[in-house]
Amino acid sequence: MQLTVKPDRSEQFAYNFADFPAYIGRGNIADFPNYTALGHWHDDLEFSVALEGSMDYNVNGETVRLEEGDGIFINTRQMHYNFSRERKGCEYICVLLHPMLLCASQYVEQNFVSPLLAASPHQVFRGSSEPGRSVCKKLLEIYDSREDPLSPLLAQAAFFQIWAALCRNAPDLEKRPRPRSQKLGALKDMISCIQGRYQERLTLEDIARSGSVGKTSCCYIFRKYVNQSPNAYLTEYRLRKGMELLHDTDMTVTEVCYEVGFNGPSYFSESFRKAFGCSPGEYRRREKDAERQKRES
């Protein structure tokens with residue numbers, strides 16, 4: 001799942017079709033370091049369905065359990081990540097769709113899209129009951145049709161049906177938009193600081209200042225919403241950037257180390273092994289071998 005970062009440090013995924021804002025893919029929580037994805041947010045609406053196994057989603061600090069067959073909708077620009085507290089794998093599909101796909105007319109946008117975008121941060125679909133089962137079925141239809149030449153058309157048709165079910169199930173759809181959480185706003189500003197300045201010598205004080213909070217509040221907010229300390233989030237973000245450089249460039253491990261903000265190759269290698277279970281050099285060799293085998297097959 002490839003993504004880029006926008007100027008506001010929210011994430012933008014590599015869509016399946018260049019001119020159609022949808023990402024349709026499959027993943028396993030076991031593929032993430034420590035069975036935990038990195039906390040993030042984006043403009044796209046996110047839908048996930050647990051296919052085999054179970055996992056948890058943390059949305060704005062609230063943890064939601066997904067058992068096999070359950071699904072979740074995460075509203076636009078909500079802080080979230082998925083993880084396994086038992087450190088077990090969970091196969092799932094992930095569908096990201098931009099809300100612009102729903103705005104067929106001003107009437108639809110004003111009466112059905114904007115109110116829900118301003119409502120609940122998330123909804124859960126339980127596969128054991130309706131309408132959750134039908135929503136998960138529609139998401140699976142989107143996934144199954146991803147190779148069809150008509151995939152964008154089929155996905156958009158299913159998206160409207162899913163959105164109608166969400167609107168019916170939203171208890172606060174008619175309520176006024178909720179005020180922006182100051183803590184979530186501070187968190188997004190601090191994560192923006194980390195993602196924009198990870199190559200620099202960044203201190204806890206720098207991170208806290210970017211969110212206009214003290215160091216104690218900074219640590220509390222990170223723990224509450226992303227279950228990591230600020231420094232742990234910074235280290236993991238640097239490691240993931242290092243992983244990208246190892247895969248995409250011919251830079252040496254030492255060059256990668258300094259490029260992503262570590263102050264020495266030994267600490268970089270030690271942290272990399274702890275997070276990913278192998279050294280940077282082993283990771284690069286494994287990825288090259290996998291690509292060679294794919295070309296030869």
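Just above sits the structure.
What you see is a predicted model; the values in this text were computed from it and never measured.

**Q** Looking at this model, I keep getting lost on the overall build of the protein chain. Mind explaining?
**A** A count of helical and extended segments in the protein chain gives ten helices and ten strands. In terms of C-alpha radius of gyration, the protein chain reaches 20 Å, essentially the compact-globule figure of 19 Å for 297 residues. With respect to the principal axes defined by its C-alpha atoms, the protein chain has extents near 55 × 55 × 35 Å. Among the 297 residues that make up the protein chain, the fraction classed as buried is 46%. For the protein chain, restricting intrachain contacts to residue pairs at least 6 apart in sequence, the fraction spanning at least 24 positions comes to 68%. For the protein chain, the accessible surface area stands at approximately 15,300 Å², while carbon and sulfur atoms represent 48% of it.

**Q** Could you clarify how one ought to interpret the sheet that holds strand β7 (residues 71-74) in this entry?
**A** Strand pairing in a sheet takes place through backbone hydrogen bonds and is either antiparallel or parallel in direction. Overall, antiparallel pairing links the five strands, which are arranged β3-β9-β4-β7-β10 in an open sheet. This sheet does not close on itself; its edge strands, each paired only once, are β3 (22-28) and β10 (122-125). The average angle at which neighbouring strand axes cross in this sheet is 15°, direction not considered. For strand β4 (residues 45-52) and strand β9 (residues 91-97), the ladder comprises seven bridges, and the chain directions are antiparallel. If you follow Ser48 over to β9, its bridge partner there is Cys94. Packed on one face of the sheet, helix α2 (residues 132-144) meets β3, β4, β7, β9 and β10 and runs near 80° to β9.

**Q** I tried to follow the pattern of salt bridges on my own but got confused; where do I start?
**A** Oppositely charged side chains may form a pair once their charged atoms are brought near each other. According to the stated counting rule, one finds 16 salt bridges in the structure shown. Its salt-bridge partner being Arg85, residue Asp56 comes within 2.7 Å of it at the nearest N-O pair. With a gap of 29 residues between them, Asp56 in strand β5 (residues 55-59) and Arg85 in the loop between β8 (80-83) and β9 connect regions that are remote in the sequence. On the basis of relative accessibility, which here comes to 0%, the residue Asp56 falls in the buried class. Residue Arg85 is classed as exposed on the basis of its relative accessible area of 52%. Measuring nitrogen to oxygen at the nearest pair gives 3.3 Å for the salt bridge that ties Arg209 to Glu205.

Reading the values: the criteria
- Residues numbered from 1 in each chain as written.
- Predicted model: local features only at pLDDT ≥ 70, side-chain atom pairs only at ≥ 80, totals over all residues.
- Heavy atoms only, no water.
- Helix = DSSP H or I, 4+ residues; strand = E, 2+ residues; numbered from the N terminus.
- Rg over C-alpha atoms; globule rule 2.2 N^0.38 Å.
- Buried < 20%, exposed > 50% of the residue type's maximum accessible area, 1.4 Å probe, protein only.
- Contact = heavy atoms within 4.5 Å.
- Areas by Shrake-Rupley, 256 points an atom, 1.4 Å probe, with all protein chains shown as cover.
- Pairing = 2+ DSSP bridges.
- Axes fitted to C-alpha atoms, helices over the stretch in contact; angles between N-to-C directions.
- Salt bridge = Lys/Arg side-chain N within 4 Å of Asp/Glu carboxyl O.

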